[in-house]
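Architecture and fold: a report
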Amino acid sequence: PPLPPPPPPASQTVGGAVAALASISEGGDPDGARYAVMCLANLAATPHARGEVPKHGGLQACVQAAQGEEAEARVYGAIALMNMTNNGPAAQLNVVTHGGLEPLLRLIESPRDSPHASMAALKALLNLTANASLVAALTRKGVLELLMLLTQSADLDTREVASLCLANLASGAPLPPDAGRPKKSQLAELAVGGAPGGGANSGGAAGGAM
């Protein structure tokens, strides 16, 4: 009998799964979208799969989830971006280039809405600040000012992660001359809302955040 065809390469299999999950996340069913993004977050934490997630619509799906209206989906979207930014300089640049920074900063600035998503976003920012080529772009978005405010948080985890972010920035490219001036909107939000909570999933996978 003829031999069965060889299985497709692992990258092709993962790519098809990512494309299907991205499609589900945009299908209009909140439950399906939430679980799809959770799966993407887990794939982004898996060494043999993480490089395929941004290539097949997964990055865009997670960016949309991180800035969407559904609270749990925002958590999973932030965790997914945290995992993606933990995959080296090219992946970090990809996240920033495709609009991932803005929803991360909004989550960090609005801890009352979702403390878990806010902490995952802060940890994603920690990964981004380790990339010296992104320092100028981050500081133009007010990241330095925000981090300086977070170092005064009542929450120990937030202070620690913010301090690590600042250490990364200090070892990277030169900062612009106007960096370090807190914006009034950030001051008001953080003063009222407090700091991002420390209870977010600190590992790579998203399943524990349910």
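Numbers given for residues are sequential positions, taken from 1 along each chain in its written order. Local features in this predicted model are restricted to residues whose pLDDT is 70 or higher, and side-chain atom pairs enter the listing and the counts only when it is 80 or higher, whereas totals over whole chains, interfaces and linings include all residues. Computation of side-chain values: all heavy atoms of the structure, hydrogens and water removed.

What about the overall build of the chain?
What counts, and what does not: Only DSSP runs of H or I with at least four residues qualify as helices, and only runs of E with at least two residues qualify as strands; both kinds are numbered from the N terminus onward. Working definition: with a 1.4 Å probe on protein chains only, accessible area under 20% of the residue-type maximum means buried, over 50% means exposed, and in between means partly exposed. The contact criterion used throughout is that any non-hydrogen atoms of two residues lie within 4.5 Å.
From N to C terminus, the chain includes eleven helices and zero strands. Each helix and strand of the chain, ordered N terminal to C terminal, gives the series α-α-α-α-α-α-α-α-α-α-α. Of all 210 residues assigned to the chain, the portion counted as buried reaches 44%. Considering only contacts within the chain whose residues lie at least 6 apart along the sequence, 73% involve residues at least 24 apart.

Examining the side chain of N127
Along the chain, the position of N127 falls in helix α7 (residues 115–129). Classification of N127 as buried rests on a relative accessible area of 16%. Discounting residues that sit within four places of it in the chain, N127 has contacts with M82, T85, N86 and Q92.

Considering the layout of surface pockets
Note the following rule: Within this scheme a cavity is a closed region of a 1 Å grid, computed over the protein atoms alone, that accommodates a 1.4 Å probe without allowing it to escape, whereas a pocket is open but has protein on both sides within 12 Å along at least five of seven lines; lining residues each have an atom within 4 Å of a point. Grid points are joined across faces, edges and corners, and a volume is the space filled by probe spheres set on the points. In this count, Pro and Cys sit with the nonpolar residues alongside Ala, Val, Leu, Ile, Met, Phe, Trp and Tyr, while Asp, Glu, Lys and Arg are called charged and the others, Gly among them, polar.
By volume, the largest pocket is sized at about 230 Å³. Along the walls of the largest pocket sit 15 residues, with S25, A33, A65, E70 and A73 positioned nearest its centre. The set of elements that each furnish at least two residues to the lining of the largest pocket consists of α2 (30–44) and α3 (58–66). Ranked by the residues each element gives to the lining of the largest pocket, the list is headed by α2, at four residues. Residues of the lining of the largest pocket, tallied by class, amount to six nonpolar, four polar and five charged.

Description of the environment of V63
Locating V63 in the fold gives a position in helix α3. Spatially, the C-alpha atom of V63 lies 7.5 Å from that of L81, the residues being 18 residues apart in sequence. With residues near it in sequence (within four places) discarded, V63 still touches L81, H98, G99, G100 and P103.

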